[in-house]
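Fold and geometry: a report
If you want the building blocks of each chain, they are given just below.
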Number of protein chains: 4
Amino acid sequence: MSGSWHGGAAAVVTLGFDVDAETPILARGGRYAAHASTMSHQAYGPDVGLPRILDLLDEMEVPATFFVPGWVAEHRPGLAASIVERGHEVAHHSYAHRPPTSMTPAEERADFVRALEVFAGQGIEIVGYRAALWEASWLTAELVAEHGLRYDSSLMGDDRPYRVGTAAGEIMELPVHWSLDDWEQYAFLPEPHVGSVIESPRKVLELWRAELDGMRRYRCLFNLCVHPFLSGRPGRALALREFIEYARGCGDVAFARCRDVAEAAFADPEVGVRPHRPPQVDPAVHPH
Amino acid sequence: MSGSWHGGAAAVVTLGFDVDAETPILARGGRYAAHASTMSHQAYGPDVGLPRILDLLDEMEVPATFFVPGWVAEHRPGLAASIVERGHEVAHHSYAHRPPTSMTPAEERADFVRALEVFAGQGIEIVGYRAALWEASWLTAELVAEHGLRYDSSLMGDDRPYRVGTAAGEIMELPVHWSLDDWEQYAFLPEPHVGSVIESPRKVLELWRAELDGMRRYRCLFNLCVHPFLSGRPGRALALREFIEYARGCGDVAFARCRDVAEAAFADPEVGVRPHRPPQVDPAVHPH
Amino acid sequence: MSGSWHGGAAAVVTLGFDVDAETPILARGGRYAAHASTMSHQAYGPDVGLPRILDLLDEMEVPATFFVPGWVAEHRPGLAASIVERGHEVAHHSYAHRPPTSMTPAEERADFVRALEVFAGQGIEIVGYRAALWEASWLTAELVAEHGLRYDSSLMGDDRPYRVGTAAGEIMELPVHWSLDDWEQYAFLPEPHVGSVIESPRKVLELWRAELDGMRRYRCLFNLCVHPFLSGRPGRALALREFIEYARGCGDVAFARCRDVAEAAFADPEVGVRPHRPPQVDPAVHPH
Amino acid sequence: MSGSWHGGAAAVVTLGFDVDAETPILARGGRYAAHASTMSHQAYGPDVGLPRILDLLDEMEVPATFFVPGWVAEHRPGLAASIVERGHEVAHHSYAHRPPTSMTPAEERADFVRALEVFAGQGIEIVGYRAALWEASWLTAELVAEHGLRYDSSLMGDDRPYRVGTAAGEIMELPVHWSLDDWEQYAFLPEPHVGSVIESPRKVLELWRAELDGMRRYRCLFNLCVHPFLSGRPGRALALREFIEYARGCGDVAFARCRDVAEAAFADPEVGVRPHRPPQVDPAVHPH
């Protein structure tokens, strides 16, 4: 069991924080930079939510992974380093937070490389990637492999780590899922229209606990994705704290950074490969 | 009572699994085949959710019905047979998962026949049909009768089985309802836009229990529709398990495959006919 | 207190059932008549939900008011009479279920009169009106007064009955509210798009109880609006039953038909008038 | 501690009531003035909800702040004065309730000044401002400073008061957040489309309590925003009452008007400045 990706735990929790700041809104339209309230709503993430979360992680003594767009690292120069200093991982979350499926291959590649350059310039070692909006293209995994990164965390083909083969070599996939994202539960903005109803932290905690219990039963990777501008709010931060306490109280749950899970999975021969190719589409059957 | 469709049970539960895989998304646009994350989200259904559900049904010793689009059976050749081998029913769920109301009559007929050919080629006996998105046209029931199938499960005109007369003969309707579908509770995708909020399995369980209790009171058919890519997730699978345990604990609920309910209903003279014809519309009253 | 509209009760409950059948969907587009599943979803209301609700009201011994579009009364000739025979009120709910705000004044008038003619032809006495979608125009109340009806139930200017003056005389308003409508809680259809999430009857019961408790505190009219195609479903019918039991258990709640509340309010000099005229709009301030 | 903005309390609650009446709907289109039901739904706010809330505040002996659009104060001449007479604050909430981000700078300035003139004409002293829809532009704070007001309450850059520097001087920001607004929880209208699901007051209370508990932990400003046309409804008014009782029962929560918090924050040297400038956008990275 100790040679397995989960190290004998019933479930492994990776706490992932997408430090998006203004980028998901600017990716919807650069014109939103003129919306002062909306920009302040996003700036709350790195300015208020992030320090609160870092303190919470210190207090709980759990490691985490922070997915940071290159644009954010560039505009807030000390941010990425301050995360690494606290013992956490910083991972690649695109440069501009534009979904790969909305870009040409050349644009996706340029965006990918530009963020790598930002992190290199700041001395931040990067081994993992997450596509904006989890909207990877079929090129994405190849870019990850080609640039020597070890894992991607954008696909949903399983609830355990799996290998993905690309023309540039094999990478590890740490799959995500919408039900373990705080965006659908908490996000609300009138323009651009984001979200429909703001859920109570109590409901979100209930949802996450139910999924963790299921994952303990099926020995899965609980790959949580939360955003400092959302889950950094006071009541939600307490709910996150309560979730961590619940997971620890289970006694059979391990916490790890994504990079550590990826390496453990590479070392585990039982971690399988999932096919990674587009379905064949007949336009007469499924029009464009 | 033993000659009645319900065999004396207060309510009959048919567990229906729509094994849609990529088809509901490709039916929204073949272009989505380029979205790697979205495709992986759908592939999770047959690849991870389905085996988990089959094991769960084995463990609970309850029979079920799997509605499979012909396209899915064709692209995953062993899938339909593996379901039948476990003692469950495979039923016809269109070829391409395009709603009949979005097709011409000729297109609907061609789609209907193409899936039948796929199943025939795999030696899978088919006696029931369910329209994609439960969006049957007025032709649908006739196609079902004309091709010798015994039942349809796409209409909502009652909460008990009822007979539907067509130009090609009578079929049995096993009615469905949106409140017994996991799609509205769990589905979320940013593009194509699917769903608005992801509910907790606890809420879904509460909803299903309330409906089952109501149906036990009124002696109805609890025709559940869940999707492996949604309810095959760990926490939701446990909720489904808990629902099955709850239903069994009631002591007055029977489980059956759809085909068995259809045959029992044909043999029950008290099962009535519901009219099956479009309302007369005056364009001056209800513009097109 | 006995001379007051509430007869001394802390709150008065009027159970209103909008027997819309196919009309709200056809009002969105006559083309939806070609959607067999959607039509069956709507036909469930008069065919299955309505008889179940009538039995429930008998069992609970509470009177109710049924708002019926003229089109529905015409297409199902015995329906209105069967409601009156059980001791309930039938009220005018437009002919075609098209919102007045979507029609010209001439169209609204023609629709209004046409339904009155249907009811007159069936010997159904009508004293109250409710606009489709609660989307009254400023003409609506005048039409109600002009045709000798006593009350309208489409406005939201208060939570107690109030008088509305029109050029054709005064009518009583029995105000409604979206939070006491089952549509927002339960309705879901993919096309036309109706509703976003299907709530549990438990949540709806919680919502209604909270509002009833508030209304008992402030002595209001609890003017519930439910639809047989929605609340006639088994689990929801039980929730409705539980709500009625709760209200009766309060000991200070009265049940009445809308017409009886309207007459009691006319006889109560303390029931006030609320202004009924459009706000003055300056297009330079609020563009069209 | 007594010299700090919070006066030693674990959290400070400012109860804010946006007395919008018809304006948010007319801002969506002046044509909606023709919708009688919708107008009555909005008029309920000042006519029924507001007096109920004023009585509730009297009973609970807590001060509050009422954000009133100039248009509303003008069309209901005694309204603003009646609020001040009860010991509460009236603040500037635009003239027409059109979001600054939807206006030109000249339009925003004209709207800002016009409301000030209305309040001046009624002898209402104004020291604070809130942008319609919390959609401030980068000009907004400058307008607030330029006209001698002391605070704005439209931004979301923190959960404690913070200083904002402008070309016209410094103002205090009392930040808001969508999760402390009753609009997303309760609002529903079919046209214009507003809201998607109507939540139970019980859920809203749970949400607010969770946030208050979080804010007590992190010593924040609980800046609640409710609307008389929404939270003035009976069941919701009781929930608001229960929230106030809960907050008082905590023993470490203070209630204050916004103006008093702003002055205390100005006097507290530890209240910091947050940058107030638009992010630099490269159109090649984030297209318009």
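Computed from a predicted model, the values in this text were never measured in an experiment. (Residues numbered from 1 in each chain as written. Chains lettered and ligands numbered in written order. Predicted model: local features only at pLDDT ≥ 70, side-chain atom pairs only at ≥ 80, totals over all residues. Heavy atoms only, no water.)

1. Some thoughts on the relation of the copies chain D and chain C
Using the following cut-off: For the least-squares superposition of copies, only C-alpha atoms count, and only for residues with pLDDT at least 70 in both. Working rule for contacts: check all heavy atoms of both residues, and any pair within 4.5 Å makes them a contact.
For the pair chain D and chain C, the best superposition has an RMSD of 0.0 Å and corresponds to a rotation of 90° with a translation of 0.0 Å parallel to the axis. The transformation just described matches what one would write down for a four-fold rotation axis. When each C-alpha of chain D is compared by its distance to the rotation axis, S196(D) comes out closest, at 4.6 Å. The share of interface residues of chain D whose copies in chain C are also at the interface is only 9%, consistent with the copies meeting through different surfaces.

2. Regarding a negative patch on the surface
Keep this limit in mind: For patches, a residue must show more than 30% relative accessible area and have no salt bridge; joins then use 9 Å for like charges and 5 Å for nonpolar side chains, namely Val, Leu, Ile, Met, Phe, Trp and Tyr. Reported accessibility uses the Shrake-Rupley method at a 1.4 Å probe radius. Residues are deemed covered only where the shown protein chains occlude them. Throughout this description, the term salt bridge denotes a Lys or Arg side-chain nitrogen within 4 Å of a carboxyl oxygen of Asp or Glu. Under the convention used here, Asp and Glu are negative, Lys and Arg are positive, and both His and the chain ends fall outside the count. Working definition for charges: the position is that of NZ of Lys, CZ of Arg, CG of Asp or CD of Glu. Here's how the labels work: a residue is buried when its accessible area is under 20% of the maximum for its type, exposed when over 50%, partly exposed in between, all with a 1.4 Å probe on protein chains only.
A contiguous patch of negative charge, built from E206(A), E206(B), E206(C) and E206(D), is present on the exposed surface. Classification of E206(D) as partly exposed rests on a relative accessible area of 33%.

3. Re unusual backbone geometry
Applied cut-off: Note on conventions: DSSP H or I runs of at least 4 residues are helices, E runs of at least 2 residues are strands, and numbering of each starts at the N terminus.
In this chain, E191(B) is followed by P192(B) through a cis amide linkage whose omega measures 0°. Locating P192(B) in the fold gives a position in the loop between α7 (183-186) and α8 (201-218). Even without glycine at this site, S94(D) takes up a positive phi of about 75°. Assignment of secondary structure puts S94(D) in the loop between β3 (89-92) and α5 (105-121).

4. What about the packing of helix α2 (residues 36-60) of chain D against helix α10 (residues 234-250) of chain D?
All names here are of chain D. Let me state the cut-off plainly: Axis angles are defined between N-to-C directions and span 0 to 180 degrees, where every axis is a line fitted to C-alpha atoms and, for a helix, only to the segment in contact. Oblique is the label for every angle not falling under 35 degrees (roughly parallel), over 145 degrees (roughly antiparallel), or within 65 to 115 degrees (roughly perpendicular). Whether a crossing is left-handed or right-handed is set by the direction in which the near helix is turned from the far one by less than a right angle, anticlockwise for left-handed and clockwise for right-handed. Gly is placed with the polar residues, together with every amino acid not listed as nonpolar (Ala, Val, Leu, Ile, Met, Phe, Trp, Tyr, Cys and Pro) or charged (Asp, Glu, Lys and Arg).
Contact geometry for α2 and α10: axes closest at 11 Å, N-to-C directions at 25°. By the angle class used here, α2 and α10 are roughly parallel. Classified by chirality, the crossing of α10 by α2 is right-handed. Residues Y44, R52, L56, E59 and M60 of α2 pack against P234, A237, L240, R241, I244, E245 and R248 of α10. Across the contact of α2 with α10, the residue classes break down as 7 nonpolar, no polar and 5 charged.

5. Some remarks on the interface of chain D and chain C
As a reminder, the rule being used: Two parts placed together each lose some accessible area under a 1.4 Å probe, and adding up what both lose gives the buried area. Polar contact is defined as a pair of N or O atoms within 3.5 Å, subject to the rule that within protein one atom must be able to donate a hydrogen and the other to accept it, and that residues adjacent in sequence are counted only when both atoms are side-chain atoms.
If you look at the interface, chain D gives 46 residues, while chain C gives 45 residues. Where chain D abuts chain C, roughly 3,700 Å² becomes buried across the two surfaces, and 58% of that area is made up of carbon and sulfur atoms. If you sort the residues of chain D by the area they bury against chain C, S37(D), I198(D) and R233(D) come out on top, with a joint share of 16%. Inspection of the chain D/chain C interface yields 4 salt bridges. Here D159(C) and R52(D) are joined by a salt bridge, their closest N and O atoms 2.9 Å apart. Applying the counting rule to chain D against chain C returns 18 residue pairs in polar contact (both at pLDDT 80 or more). Those elements giving two or more residues to the side of chain D that touches chain C turn out to be α1 (23-28), α2, α3 (70-75), α8 (201-218) and α10 of chain D. Looking at the side of chain D that touches chain C element by element, the count peaks at 11 residues for α2(D).

Nothing here speaks to function; it is all geometry.
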